Amino acid sequence: MLDTKAATIPASVDVEIVETDEEKCFRDLKHHFVQEWKLLEDLTVAMVRDSSAVEMPVIKRAQLTMEKYQEQSQLLEPHLESMVCPLMQILCNQSSGNSKTPDMKVVKKVCSIVYTLVSICGHKTVVKFFPHQTSDLEFAVALLEICHGEIPETSVLREESTGQWETKCILLLWLSILVLIPFEIASVDTSLADQNVSNVNDIPPLVERIIQICKDYLANPGPMREMAGVLLSRLLTRPDMQIALKSFIQWTHETLSMSLNDSTGVFLAPGIVGAMAAIFKVGGRDVLLHVTPTAWQEVCELVNSSAITQNSLLRKMLVKLIQRIGLTYLPPRAASWRYKGVFSSIGNNLATSLCTETEIESQNADGQMSHGYIEEGDLDVPEKVEEIIEHLLVGLKDKDTVVRWSAAKGVGRVTGRLSSAFADDVVASVLELFSATEGDGSWHGGCLALAELARRGLLVPTCLPKVVPVIIQALHYDVRRGPHSIGSHVRDAAAYVCWAFARAYSPELMRDHLMQLAPALLSIACYDREVNCRRAASAAFQENVGRQGDYPHGIDLVNKADYFSLATRSNAYRNVAVYVAQFEEFRVPLIDELLHTKICHWDRGLRELAAEALSLLVKYDIGHFSGPVLDMLLPWTLSTDLNLRHGATLGIAEVILALSNNGYKFPPEKGKHLCNIVPSIEKARLYRGKGGEIMRSAVSRLIECTALVQLPLSHKVKKGLLDTINDNLKHPNGQIQVHAVASLKALIQHYLMPASNADIELVTLKHLHILQKDLNPAARRGSALAFTALPSDFVIPLWKDILNTLCNACILEENPDDRDAETRVNAVRGLTAVCNCIFKAGKGFFLSRVTGNKSPISVIREQVIECLLNALEDYAVDNRGDVGSWVREASMEGIEQCSYILCNVSTLLDMAACQMTAGEDMEDATATSVVDKDLHHFKESCLDSQPKGSVFDADLATRIVGGLVKQIMEKIDRVREVAGRTLQKIVHNKKVPIPFIPHNDELGFIVPNDPCFNWGVPADVFPRLVHLLKFPEYQSFVISGLVISIGGLSESLSRIALTAMLDFLKVNATPNDMGVPYGNSKNDSSKQEKWLETELVRILKTNTGCDRVILPTFKTIDALFSKGILSKLQDSEPTFAVEVLRSVRAEIKGSKDIIKIITCINVLSHIALIQEPSGSQALCQLLHLLSHRYPKVRKACAEQIYLFLMQKGQDLLNEEDVDPTIELVGGVCWDGPLEGSRSDRIKLLSLFNIQDTTSVANDVVQSKTNEHARRRVCVDENESYATLVRDFNY
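Residues numbered from 1 in each chain as written. Predicted model: local features only at pLDDT ≥ 70, side-chain atom pairs only at ≥ 80, totals over all residues. Heavy atoms only, no water.

Trainee: Before we move on, can you summarise the overall build of the protein chain with the specific residues and values?
Mentor: Broken down by element type, the protein chain carries 60 helices and two strands. Residue burial in the protein chain is summarised as follows: out of 1290 residues, 51% are buried. Restricting to contacts in the protein chain with at least 6 residues of sequence separation, those with at least 24 account for 72%. When the accessible surface of the protein chain is totalled, it reaches about 60,700 Å², and 52% of it is carbon and sulfur. (Helix = DSSP H or I, 4+ residues; strand = E, 2+ residues; numbered from the N terminus. Buried < 20%, exposed > 50% of the residue type's maximum accessible area, 1.4 Å probe, protein only. Contact = heavy atoms within 4.5 Å. Areas by Shrake-Rupley, 256 points an atom, 1.4 Å probe, with all protein chains shown as cover.)

Encoded structure:
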């Protein structure tokens, strides 16, 4: 609503400032739309109808619904009256019931619901709907006393509330409105009804009861403390409560002096000070002046006490109390000198803009009204006010933000009641906080205070020239503290000051100042490390553009640098900042921000990003970057500050590359300086000590960019750079090796081509020898990775040795101490890169035959592909986990590339054969070229091992696809993702189709040609790929991967894999739901079972002793038996059971793995149920395991024997022995001491007619022991030591 000033609009101007229909509709929807209102309405109705019948889960569900609106509480406000009034009426009805004692269960339910609304909407909003009848006062006090006297309850679930403290809070809040009755409380106190005369100097008993309860709650750490303060502030500030107020202040003085040295003071002192602050906030000046000296005395004692140093809440409340005392000393008045340039209401602004100049005078250039400040005489300010302001200024430097924020608001409030001269002194004192000697807390508090002063119009325009430069410094505040820096809160607060300026001052006044603030704000918005600072600066800039008018490029910048685009640091650096820099007025500030703040930042990632961002701005001002920027960065590369040195080196690398890409030619002198950076760094030995690693990475990047720019280098410098790269390749840090390989590739490409014999010896041969003979694992890693950077000229002369060496490096070493996963990974990548180099060398080379009648393509087919396929079986494990997965991932990528190479060659050979056939039919025999004849000759004779010289055949295609399928069906999501993508490319590749893939059409249906398909989700992958079990070519691969997933540690993965396999096995004779036209599928169920048994036996035989495979396989067999898939073995040949039983015996023997043994016991229990002889052998094995040394094993074995006897005991035992045997197995404590159950085990064996081999073995051992004893008796005692040595075979 507009105020009365809107009435000054001339009648000639037809203006009506009202809401449009669209705005009103939007407002109504926003304020009335509560999606779950029906649920809340039903709860309210149910509570009114019968509160005792409403269960707590229903109330809890409604509370969760209301809590959704915690951040949008205005959506609940229209419904508060319809909820709060009926609920509070239930409380009122408790006093008028037949029973004198209220139902506390109903009271707690009601108060729990109402408190939820209070916590969401605030107590000031909800309390408006509380009943305030005078008759409810005593009842509310009595109800509170009942609740106060209850013993605290604890719910079964400790995180749930019993409703006690919510009830206390609501009753205190209700009393805070009830005590505001318009006549004396003593007149409604029924305890005084029998007294004819009441002493006016006495406190009414009802008031004493309320105050006493509130005093108890002031020591409570919960929300009751705040509500008690609210109640006391409303009660003690009544005109008839002067005596009670004095008494309370006296009590606080006595209690605080005692509680500061007591442990209870931690909670009591903040409660007391907070209640006093609330009293001084609510009470009138005439009521509080007579107790103000006492309160100030307490404040002084607290300020000088050591108890407040560790209690931030007490310091916050103390600052609140100090400012309220100051406001009490100063009479309330509106400062006439206050700046009034902008109305707080948009309606007022619109009305003012339409008024004529005769009605509202325009402002002068200095921002004052035309009539100027109203000068006042020196007001009589009490001396204590100066002390109060001093305390508030000290509070601005507090270590806690909440204290500084409260002090800043206090400075604004107190300054508003001072004269202009005193206000100038306050502003000057605040500006003193922005000193280089002050800490970050002072800068933050100073920014908050300036923002408050500006918002209240207390920072007059004449102060802005002094304030704006300080704020610009605060926007860039960043102080190094150890390994990090502080200052983000200062920059955030400085942006808040700029936001406050936009709302406080007129456009004419802010225009010149905004020209200074805007570049700083945009620099922070684009380049600050913290997202909250970037967004705060963007919001401040947006506020200034929106309120200050036509700022140059303002709308474009606001649209680009918005809240969401600045969310990620990389987008702000790479996109938003580049857009901003196209405007000349912001370009230099952005460059300076990068050079002076971000290039030397403590965060390494930020320095790297800043160097990249610097290069993105080169295109806007090539002259500036080629001159001043490079001149500034060059000496910094030798700085003693590691961060500056690293950032400058990266910055030069990125800038010179960007300059070259933009067509800049470096002068010889400048190029000479740039080429000497790396030798200078090495001469200064800056690789040593702390930070040597990051400098090596930066130098590698500088070498790479220098080579890409093609700066002229001498032979000595080239050799030095190559030596630097070789040193970096030997470093154990993998990231340094990656950067070194990139620099090596660029250096060779631009400085060592075409290759000479000396260069080949210096590069290729050197890394070949290192990979073959060097014992340093890091050096071997780097050399293997170096082959990924070598071009064809460096590979071709030594291609055979390179392939052999890399293939040998891919092999997993037998000695675990010699294994290095990173070397194998890099060797696989090197193999892939070398094969691509060979193929790119042309068909004249890769088809040519060398020593041993082997061409490069035949070596790739026979040796490299085999090596990569073998690498798919690398499951090496160390303390980092499955490091072999890195090798498998690299080998899958290599297999894909080599497959394309072989397919391209096969296509060339087929084309050559066709051309030769066509040429023979022609009369001119020269129709075919010499090369085509060579191709035909190669096709006929090169690959002797392949029929008809085939390069890519069905067997190889099956192994490749099967290997990828196996990796997809295994348990690691990351590996599955790589394998799935690779298989997807191979199956659906149209450019280089892979021939001879078995069931290629069906495979195309199963493997989706969707780039967005998530191969890392097992629930999406397993149900699809399991259908490959229909094809014999892929069965072994699928089963090998499935058993690993089914028997893995992840329960969710195991469940998904097992479900997919069971679903397939149950419907294996029917087509699947994807419409795949399967052909030659196994429709015979017996055959289906037979192939499954055969594959499981194959896995057990080929992986004997390998727990990684054996244990999951046993778990899979156990699951298949449990699900009934293998239960038909009772009627079939027991070959599968015999093989499984043999494997179980071999794995159990000497094993100490309890999980493995228990899994084997589960498998034995299933085999024991099948036909002879496997069943008896499995049962015998179970009975012997009852004597195992591990109690858990004995217990698990006894449980399985018990279940076996319940199912098949009558078939093996006599009828009279079944029940005693079951009782014997179930009644013995098998996980107790082994000696205690030995006799029971022997008895059990006798019932099954099984000999106790353990006893026989013990008799043999005992006889040998007796024999040794007899020998010891016969020998001389001097020979006892020799006998001991001989007996133990030493």
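Trainee: Describe unusual backbone geometry, listing the residues and the values that go with them.
Mentor: The phi angle of most residues is negative, glycine excepted, and most peptide bonds adopt the trans form. Each neighbour pair has its own omega, and for Met753 with Pro754 the value is -5°, a cis peptide bond. As for its position among the elements, Pro754 is in the loop between α35 (734-751) and α36 (757-773). A positive phi angle is found at His553, which is not glycine, with a value near 60°. If you trace the backbone, His553 turns up in the loop between α24 (531-548) and α25 (554-560).

Trainee: Quick one: what's the story with the packing of aromatic side chains, residue by residue and with numbers?
Mentor: As enumerated under the stated definition, the model contains 15 aromatic pairs in all. A ring pair is formed by Tyr579 and Phe583, whose centres lie 5.9 Å apart and whose planes are at 85°; its orientation type is edge-to-face. The class for Tyr579 is partly exposed, based on a relative accessible area of 27%. Centroid distance Tyr664 to Phe666: 5.1 Å. Interplanar angle 90°. Geometry classified as edge-to-face. In this structure Phe666 comes out as buried when scored by relative accessible area, which is 15%. An aromatic cluster of at least three residues, connected via ring pairs, comprises Tyr339, Phe501 and Tyr505. (Phe/Tyr/Trp six-rings, centres within 6.5 Å; stacked < 30°, edge-to-face > 60°.)

Trainee: Tell me about the environment of Asp1107, and please be specific about residues and values.
Mentor: Of note, Asp1107 is situated in helix α52 (residues 1107-1122). Filtering out sequence-adjacent residues up to four positions away, Asp1107 remains in contact with Pro1112, Glu1147 and Lys1156.

Trainee: Break down a nonpolar patch on the surface for me, citing the residues and quoting the values.
Mentor: Judged by side-chain polarity, Tyr1202, Leu1203 and Met1206 come together as a nonpolar surface patch covering roughly 290 Å² of accessible area. With respect to the secondary-structure elements, Tyr1202 resides in helix α56 (residues 1191-1212). (Patch = residues over 30% accessible without salt bridge, like charges linked within 9 Å, V, L, I, M, F, W, Y side chains within 5 Å. Salt bridge = Lys/Arg side-chain N within 4 Å of Asp/Glu carboxyl O.)

Trainee: Pulling in residues and values, what's your account of the side chain of Ser442?
Mentor: In this fold, Ser442 is placed in helix α20 (residues 440-455). Ser442 gets classed as buried once you look at its relative accessible area, which sits at 4%. Dropping the residues within four chain positions of it, Ser442 is found in contact with Leu396, Lys397 and Leu433.

Trainee: Any chance you could break down the pattern of salt bridges for me, citing the residues and the numbers?
Mentor: Once their charged atoms are close, side chains differing in charge can pair, the charge on each being opposite to the other. By the definition in use, this model includes 40 salt bridges. Between Arg455 and Glu452 there is a salt bridge; the shortest N-O distance is 3.1 Å. Highlighted residues: Arg455 and Glu452, both in helix α20, separated by three residues, approximately one helical turn. Residue Arg455 is classed as partly exposed on the basis of its relative accessible area of 47%. Glu452 sits in the buried class, given a relative accessible area of 2%. Salt-bridge contacts for Arg1098 lead to Glu1095; the nearest nitrogen and oxygen are separated by 2.9 Å. Pair noted here: Arg1098 and Glu1095 are both in helix α51 (residues 1085-1102), with a separation of three residues, about one helical turn. Judged by its relative accessible area of 12%, Glu1095 falls in the buried class. By sharing partners, the salt bridges in this structure join Arg781, Asp820, Glu822, Asp878 and Arg880 into a single network.

Trainee: Which residues make up empty space enclosed by the protein, and what are the values?
Mentor: Empty space left among the atoms is revealed by rolling a probe the size of a water molecule over them. For the structure shown, the criterion picks out four cavities of 30 Å³ or more. As a volume, the largest cavity reaches approximately 60 Å³. Sort the elements by how many residues they give to the lining of the largest cavity and helix α27 (residues 584-598) lands first, with three residues. For the lining of the largest cavity, a count of residues per class yields two nonpolar, three polar and six charged. Of the voids in this model, the second largest cavity is the one considered here, and its volume is about 50 Å³. Looking at the second largest cavity, the residues that line it are Leu674, Cys675, Val678, Leu702, Ile703, Thr706, Leu713 and Leu721. Secondary-structure elements contributing two or more residues to the lining of the second largest cavity are α31 (668-675) and α33 (692-709). It is α33 that contributes the most residues to the lining of the second largest cavity, three residues altogether. Counted by class, the lining of the second largest cavity contains seven nonpolar, one polar and no charged residues. (1 Å grid on protein atoms, 1.4 Å probe; cavity = no way out; pocket = protein on both sides within 12 Å on 5 of 7 lines; lining within 4 Å. Points joined across faces, edges and corners; volume = space filled by probe spheres on them. Nonpolar A, V, L, I, M, F, W, Y, C, P; charged D, E, K, R; others polar.)

Trainee: Now, about the side chain of Ser1054: what can you tell me, with residues and values included?
Mentor: Here Ser1054 is to be found in helix α50 (residues 1051-1066). For Ser1054, the side chain forms a polar contact with the main-chain oxygen of Ile1046, separated by 2.5 Å. Beyond its immediate stretch of four places on either side in the chain, Ser1054 contacts Ser1045 and Ile1046. (Polar contact = N/O pair within 3.5 Å; in protein donor to acceptor, adjacent residues only side chain to side chain.)

Trainee: If you had to explain the confidence of the model for the protein chain to someone new, which residues and values would you point to?
Mentor: Confidence in the prediction for the protein chain averages 83 pLDDT; 83% of positions are at 70 or higher. Element-level mean pLDDT values for the protein chain span from 44 in helix α59 (residues 1253-1274) up to 96 in helix α26 (residues 569-581). Below a pLDDT of 50 lies the segment residues 155-159, which in the model reaches two contacts outside its immediate sequence neighbourhood of four places, other chains included. pLDDT under 50 marks residues 941-949. Its contacts with residues more than four places away, or in other chains, come to 16 contacts. (pLDDT = per-residue confidence, 0-100.)

Trainee: Describe the packing of α20 against helix α22 (residues 488-504), listing the residues and the values that go with them.
Mentor: Packed helices, taken two at a time, are described by the angle between their axes plus the distance between the axes. Put simply, α20 and α22 touch, their axes get as near as 9 Å, and they point 10° apart. Accordingly, the angle class assigned to the pair α20 and α22 is roughly parallel. For the pair α20 and α22, the contacting residues are Asp440, Trp443, His444, Cys447, Leu448, Ala451, Glu452, Ala454 and Arg455 in the first and His489, Val490, Ala493, Ala494, Tyr496, Val497, Ala500, Phe501 and Ala504 in the second. (Axes fitted to C-alpha atoms, helices over the stretch in contact; angles between N-to-C directions. Parallel < 35°, antiparallel > 145°, perpendicular 65-115°, else oblique.)

Trainee: Talk me through helix α15 (residues 312-329); I want residue IDs and the actual numbers.
Mentor: Compared with an ideal rise of 1.5 Å per residue, which puts 18 residues at 26 Å, α15 spans 26 Å between its outermost C-alpha atoms and is within 8% of the ideal. With 14 of 18 residues buried, α15 lies mostly within the body of the structure. At the N-terminal boundary of α15, the capping side chain belongs to Asn311, with an oxygen 3.4 Å from the backbone nitrogen of Leu313. (Expected span 1.5 Å × (residues − 1).)

Trainee: Residue-level account of the environment of Leu475, with values.
Mentor: Its place among the elements puts Leu475 in helix α21 (residues 464-475). We classify Leu475 as buried; its relative accessible area is 0%. For Leu475 and Leu521, which are 46 residues apart along the polypeptide, the C-alpha to C-alpha distance reads 7.4 Å. Aside from chain neighbours lying at most four places away, what touches Leu475 is Arg491, Ala494, Ala495, Cys498, Ala520, Leu521 and Ile524.

Trainee: Describe α35, listing the residues and the values that go with them.
Mentor: A turn of α-helix holds 3.6 residues, and therefore any two residues three or four places apart point the same way. For α35, which comprises 18 residues, the first-to-last C-alpha distance of 25 Å matches the rise-based estimate of 26 Å (1.5 Å per residue) to within 8%. When α35 is considered as a whole, its buried residues turn out to be Ile736, Gln737, Ala740, Val741, Ser743, Leu744, Ala746, Leu747, Ile748 and Tyr751. The inward-facing, buried residues of α35 abut α33, α34 (715-729), α36, α37 (777-786), α38 (792-795) and α40 (821-840). Sitting at the head of α35, Asn733 places a side-chain oxygen 2.8 Å from the backbone nitrogen of Gln735.

Trainee: How would you explain a negative patch on the surface if you had to name every residue and give the values?
Mentor: On the surface, a cluster of negative charge is contributed by Glu383, Glu386, Glu387, Asp424 and Asp425. Secondary-structure elements contributing two or more residues to the negative patch are α17 (383-395) and α19 (420-431). Counting through the fold element by element, Asp425 comes out in helix α19. (Lys, Arg positive; Asp, Glu negative; His and termini not counted. Charge placed at Lys NZ, Arg CZ, Asp CG, Glu CD.)

Trainee: Tell me what's going on with the packing of α36 against helix α39 (residues 799-810), and back it up with residues and numbers.
Mentor: The N-to-C vectors of α36 and α39 enclose an angle of 30°; their axes lie 10 Å apart at closest approach. Taken together, the axes of α36 and α39 are roughly parallel relative to one another. Crossing geometry of α36 relative to α39 is assigned as left-handed. Taken together, the residues of α39 that come into contact with α36 (itself represented by Thr764, Leu768, Leu771 and Gln772) are Asp801, Ile802, Thr805, Leu806 and Ala809. Taken together, the residues that form the contact of α36 with α39 break down as five nonpolar, three polar and one charged. (Left-handed = near helix turned anticlockwise from the far one by under 90°.)

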